[in-house]
Amino acid sequence: MKILVLNCGSSSVKSQLIETDLESIETNSDRTLACGSVEKIGMTSSVVRYEPVGGEVFKDTPEILEHKVAIDRLLHLYADPTRGVIRSLADIEAVGHRIVHGGEKFSQSAAITPEILKQIEECVELAPLHNPHNIRGYRAAAELLPGVPHVAVFDTAFHQTMPDYAFMYGLPRILYKRHAIRRYGFHGTSHRYVSYRVAQLLNTSREKLRIITCHLGNGCSMAAIKFRRSIDTSMGFTPLEGLMMGTRTGDLDPAVILHIMAKEDLGLSEANALLNKHSGLYGVSGISNDMRELEESAREGDRHARLAIDMFCYRIKKYIARYAAVMNRLDVLVFTGGIGENSPRSARSVARSWTFWASSHRTRTERRHPPRQEDCISCVSGPCMVWVIPTNEELIIARDTVRLILTGDPRPTNR
Ligand code: ADP
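Parameters at a glance
- Residues numbered from 1 in each chain as written.
- Predicted model: local features only at pLDDT ≥ 70, side-chain atom pairs only at ≥ 80, totals over all residues.
- Heavy atoms only, no water.
- Helix = DSSP H or I, 4+ residues; strand = E, 2+ residues; numbered from the N terminus.
- Rg over C-alpha atoms; globule rule 2.2 N^0.38 Å.
- Areas by Shrake-Rupley, 256 points an atom, 1.4 Å probe, with all protein chains shown as cover.
- Buried < 20%, exposed > 50% of the residue type's maximum accessible area, 1.4 Å probe, protein only.
- Pairing = 2+ DSSP bridges.
- Contact = heavy atoms within 4.5 Å.
- Axes fitted to C-alpha atoms, helices over the stretch in contact; angles between N-to-C directions.
- Expected span 1.5 Å × (residues − 1).
- Near = heavy atom within 4 Å.
- Polar contact = N/O pair within 3.5 Å; in protein donor to acceptor, adjacent residues only side chain to side chain.
- Nonpolar A, V, L, I, M, F, W, Y, C, P; charged D, E, K, R; others polar.
- 1 Å grid on protein atoms, 1.4 Å probe; cavity = no way out; pocket = protein on both sides within 12 Å on 5 of 7 lines; lining within 4 Å.
- Points joined across faces, edges and corners; volume = space filled by probe spheres on them.
- pLDDT = per-residue confidence, 0-100.
- Disulfide = S-S within 2.5 Å.

1. Quick notes on the overall build of the protein chain
From N to C terminus, the protein chain includes 15 helices and 14 strands. In summary, the protein chain has a C-alpha radius of gyration of 21 Å against a globular reference of 22 Å for 415 residues, a match within 12%. Along the first, second and third principal axes, the C-alpha set of the protein chain runs to 55 × 55 × 50 Å. With the model as given, the accessible surface of the protein chain reaches about 19,200 Å², and the carbon-plus-sulfur share is 51%.

Pasting the structure below:
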């Protein structure tokens, strides 16, 4: 089946056309046919990019003022007689939508009906910067592709298995009742994919594994996955909590922000920008939020870049120890995301020290980096294996869409 995957942000639409079915899910042989995106929607030169797999990249900068026009443009590229990968739009059999927040309402993906749409709209107050754009994308796609099923896949759903003692904050409980204040966690689709994939590569069942997944991109989060269920994760009510990230603080004594607001005379939106946009790797280094640039600067002797990288790695180490403790053991540690997949120094140094602690085996990280696309970077015989698995959130969205349509159940059954 040909599935369109859509991820709509405030001024962007990212999409992929993926061919998959139940058999190819099982054998991991489903494939992306083409990718297309539109950025800077609402500006005079939006940026359209389309790339059929194995074909030439097409770029254009037309004026695109709204999401519906952007999606329409992409659809016509997928079905274009010369560049396209399908004969007509009728070849698209379903659409999978990335929806950021499903609150406590969604613990798995759902086919979008008027009732489900209402429930997604009720989650807007939990993610006012994301869900409205996701919904706008759904409405546009439903108009452009009427008559095909649309499926919602939530970033938060995978973490809905957390026990209450992991998701509650030490605040008066009434605030949970009144405002749904609790840990939700994000990047769920990514944590789910890499934990599923590593079990598949190890030819074992996730029911037997205690896995820690580290998604290290611009946003960073970790998850403790015990016997296929997420039992804790580092992001919280919003993506601000947990690891230090490109521009986000991660964990911080909450009193610090109250103190800074008073001392620097900051309003709410300035404080929000400080925590989310001006902090993290960027704020500490004063150079960049990009790990490649920081590694370069650190090599050249910049001590603030070195400090930012050291803080980044130190936090990851602390979370690994926490999550190994709550699971009573660790079988597999997985790195993914731009930094996790590529960075030879930072994430790997964490893996090295972890495997050293867990066993006397040396990791193979010094011998081969960067690793192959999917690679075990530790000694296979040690008590804890360390893997690098490139994430593929779009694939999970396409697979859930197919499973829901064909079986009525989005959950993988095989492993
Ligand atoms: P996003 O969260 O936006 O999807 P990515 O997963 O693409 O982000 O990760 C972006 C981060 O990955 C940046 O900090 C970037 O510097 C880092 N990164 C990408 N490639 C490399 C590399 N080869 N070495 C080190 N860091 C890398």
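So, next bit.
2. Remarks on the side chain of histidine 159
Within the secondary structure, histidine 159 is located in the loop between strand 8 (150-154) and helix 5 (164-167). Of the residues examined, histidine 159 reaches a relative accessible area of 0% and is grouped as buried.

3. Comments concerning the sheet that holds strand 6 (residues 92-99)
Sheet architecture is open: eight strands sit in the order 5-4-3-2-1-6-8-7, paired in mixed fashion. In the strand order of this sheet, the two ends are held by strand 5 (58-60) and strand 7 (110-111), each with one partner. Of the pairings in the sheet, the one linking strand 3 (residues 31-39) to strand 4 (residues 47-52) comprises six bridges and is antiparallel in character. Paired with glycine 36 across the bridge in strand 4 is tyrosine 50. This element, helix 2 (residues 67-78), spans strand 1 (2-8), strand 2 (13-19), strand 3, strand 4, strand 5 and strand 6 of the sheet and lies at about 35 degrees to strand 2.

4. What about helix 4 (residues 131-144)?
Helix length check: helix 4 (14 residues) gives 20 Å between terminal C-alpha atoms against 20 Å at 1.5 Å per residue, within 8%. Against strand 1, helix 2, strand 6, helix 3 (114-122) and strand 8 lie the buried residues of helix 4.

5. Observations concerning the site of the ligand
Close to the ligand lie 13 residues; Asn218, Asp290, Met291, Gly338 and Asn342 are nearest. In the model, a nitrogen atom of the ligand is placed 3.4 Å from a nitrogen or oxygen of the asparagine 342 side chain. In isolation the ligand exposes 570 Å². Once the protein is present, 68% of that is buried. For the shell around the ligand, the secondary-structure elements that each account for two or more residues are helix 11 (291-299) and helix 13 (337-342). Ranked by the residues each element gives to the shell around the ligand, the list is headed by helix 13, at four residues. Residue composition of the shell around the ligand, by class: two nonpolar, eight polar and three charged.

6. Observations regarding the layout of surface pockets
The computed volume of the second largest pocket comes to approximately 930 Å³. Counting residues per element, the ones that place at least two in the lining of the second largest pocket are helix 8 (254-264) and helix 9 (268-277). The biggest single contributor to the lining of the second largest pocket is helix 9, with five residues.

7. Quick word on the pairing of strand 12 (residues 332-336)
Across the five residues of strand 12, five count as buried, placing the element largely inside the fold. Going residue by residue along strand 12, you find Val332, Val334 and Thr336 tucked away on one face and Leu333 and Phe335 tucked away on the opposite face as well. Sheet analysis places strand 9 (residues 210-216) next to strand 12, joined by five bridges and oriented parallel. When the bridges of strand 12 are listed, threonine 213 appears paired with valine 334. When strand 12 meets strand 14 (residues 385-388), the two strands line up parallel, connected through four bridges. Counted as the bridge partner of leucine 333 is valine 386 from strand 14.

8. Re the sheet that holds strand 13 (residues 375-376)
Spatially, the six strands line up as an open sheet ordered 11-10-9-12-14-13, and their pairing is mixed. Strands at the two margins of the open sheet, each flanked by one partner only, are strand 11 (229-233) and strand 13. Relative to the sheet, helix 12 (residues 303-327) contacts strand 9, strand 10 (220-226), strand 11 and strand 12, its axis offset from that of strand 10 by approximately 15 degrees.

9. Some words on the confidence of the model for the protein chain
Mean pLDDT over the protein chain: 92, with 92% of residues reaching 70 or higher. Every residue in residues 356-368 is under pLDDT 50, and counting partners more than four places away or in other chains gives 23 contacts.

10. A few points about the state of the cysteines
Summed over all chains, the structure comprises zero disulfides. Here cysteine 8 stays unpaired: no disulfide links it, and the sulfur of cysteine 35, its closest cysteine neighbor, is 15 Å away. Looking at cysteine 8, the relative accessible area reads 4%, which means it is buried. Between cysteine 384, a free cysteine, and cysteine 376, which holds the nearest cysteine sulfur, the sulfur-to-sulfur gap is 9.3 Å. In this structure cysteine 384 comes out as buried when scored by relative accessible area, which is 4%.

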